[in-house]
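# Per-entry structural report
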Amino acid sequence: MLADPGPPLGRPTGPATGRGVRVCVVDSGVERDHPLIGPLAGSWVVVKDAESGEITVEPTTTGDTCGHGTACAGIVRRTAPECEIHSVRVLGERFSGTGDVLMAGLRWAVEQGFDVVNLSLSTTRTRFAQELHSLADSAYFARTVIVASAHNTPVESFPWRFASVISVGSHQEDDPELHLYNPEPPVEFFGPGQNVTVPWLGGRTIRTTGNSFATPYVAGLCARVLSAHPRMTAFQLKNALYLSAANVRHTPRPSTAAGDIRDDSEN
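Bear in mind that the values here come from a model prediction, so they are computed numbers and not experimental data.

## Digging into the UniProt feature "domain: Peptidase S8/S53" (unreviewed entry) in the protein
When the UniProt feature table is mapped onto this chain numbering, "domain: Peptidase S8/S53" (unreviewed entry) sits at residues 18-248. Helix makes up 29% of residues 18-248 and strand 23%, whereas the separation of the span's terminal C-alpha atoms amounts to 24 Å.

## Some details on the layout of surface pockets
Roughly 480 Å³ of internal volume is contained in the largest pocket. Lining the largest pocket are 21 residues, and of these Leu91, Phe95, Leu121, Ser122 and Thr123 sit closest to its centre. Residues belonging to the lining of the largest pocket are distributed by class as follows: seven nonpolar, 12 polar and two charged. When its volume is computed, the second largest pocket comes out at roughly 320 Å³. Arg78, Pro176, Glu177, Pro192 and Val196 are the residues nearest the centre of the second largest pocket, which is lined by 19 residues in total. Of all the elements in the fold, those that place two or more residues in the lining of the second largest pocket are α1 (68-79), β10 (196-199) and α4 (211-228). Grouping the amino acids of the lining of the second largest pocket by side-chain chemistry returns six nonpolar, seven polar and six charged.

## Comments concerning the pairing of strand β2 (residues 42-48)
Across the seven residues of β2, five count as buried, placing the element largely inside the fold. Pairing of β2 with strand β4 (residues 84-89) involves four bridges; the strand directions are parallel. In the strand pairing of β4, valine 45 is matched with arginine 89. Where β2 and strand β3 (residues 55-59) come together, five bridges link them in antiparallel fashion. The residue of β3 that forms the bridge with valine 45 is glutamate 58. Hairpin connection of β2 to β3: six residues between the antiparallel strands, including glycine 53 at a positive phi of 80°.

## As for the packing of aromatic side chains
Aromatic ring pairs are reported here in terms of the distance separating the ring centres and the angle at which the planes meet. By the definition in use, this model includes six aromatic pairs. For the pair tryptophan 44 and tryptophan 108, a centre-to-centre distance of 4.7 Å together with 50° between the ring planes defines the contact as tilted. Separated by 64 residues along the polypeptide, tryptophan 44 in strand β2 and tryptophan 108 in helix α2 (residues 99-111) bring together distant segments of the chain. Summarising the burial analysis for this pair, tryptophan 44 and tryptophan 108 share the class buried. Taken together, a centroid distance of 5.9 Å and an interplanar angle of 65° make the contact between tyrosine 181 and phenylalanine 189 edge-to-face. Assessed through its relative accessible area of 24%, tyrosine 181 is described here as partly exposed. A relative accessible area of 1% means that phenylalanine 189 is categorised as buried. Among the aromatic residues, those joined into a cluster by ring pairs are Trp44, Trp108 and Phe114.

Rules and cut-offs
Residues numbered from 1 in each chain as written. Predicted model: local features only at pLDDT ≥ 70, side-chain atom pairs only at ≥ 80, totals over all residues. Heavy atoms only, no water. UniProt positions renumbered as here; feature names shortened; annotations may be inferred. Helix = DSSP H or I, 4+ residues; strand = E, 2+ residues; numbered from the N terminus. 1 Å grid on protein atoms, 1.4 Å probe; cavity = no way out; pocket = protein on both sides within 12 Å on 5 of 7 lines; lining within 4 Å. Points joined across faces, edges and corners; volume = space filled by probe spheres on them. Nonpolar A, V, L, I, M, F, W, Y, C, P; charged D, E, K, R; others polar. Buried < 20%, exposed > 50% of the residue type's maximum accessible area, 1.4 Å probe, protein only. Pairing = 2+ DSSP bridges. Phe/Tyr/Trp six-rings, centres within 6.5 Å; stacked < 30°, edge-to-face > 60°.

In structure tokens:
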């Protein structure tokens, strides 16, 4: 089995633009041909039949219902400009959505084998927690990395609380290219999410704030690392984010001089 040792200190070597990496934005859709995003590689919508309750995932050209997904896709594009962006719409107008539709869209994305799934959403419905946990584990073992946004308020929500996803909140630093490691999980990383300029509906841009917009920055970082090191596993990728975080310092292990003996084993 061929393996990739990953980038030294978490930073990819050589060109790392996201080329060859498939990122799926599970959200409200993405506005087609927005100048800050460009063409999508694929666009789908989760549809729930009002009478039968049957849920299907179908190709769509309808774009974005509220702007949230467009904003997230734009941050991914800005961070990893050559990645493929795919869209699965699970939200309707005014950010409305249901847990079963979210589950269906996320499950479909995992089944397609996308490299990175950006999920700037969560659900507070505990009845979905076990199924989401199982799905997150399945994605992890299948090397689909779910980058999930922590809730903006201190409530219990999912799937960001699961260790098998990369969970993201936002920091308040001025540097838009900065990510931090959180030594007090369950939120593991912080990205730029304060007063971020993002693409919006109608080809416009707006400034907005929230964990939702820190998450696609970290998803874009994942795409960049994977473009340079495509054989990396999900746990290697999380470690790369940890090693490259601005607040993590690298202390070299003490060298063993000639003739010295060092035993690291436990008795």
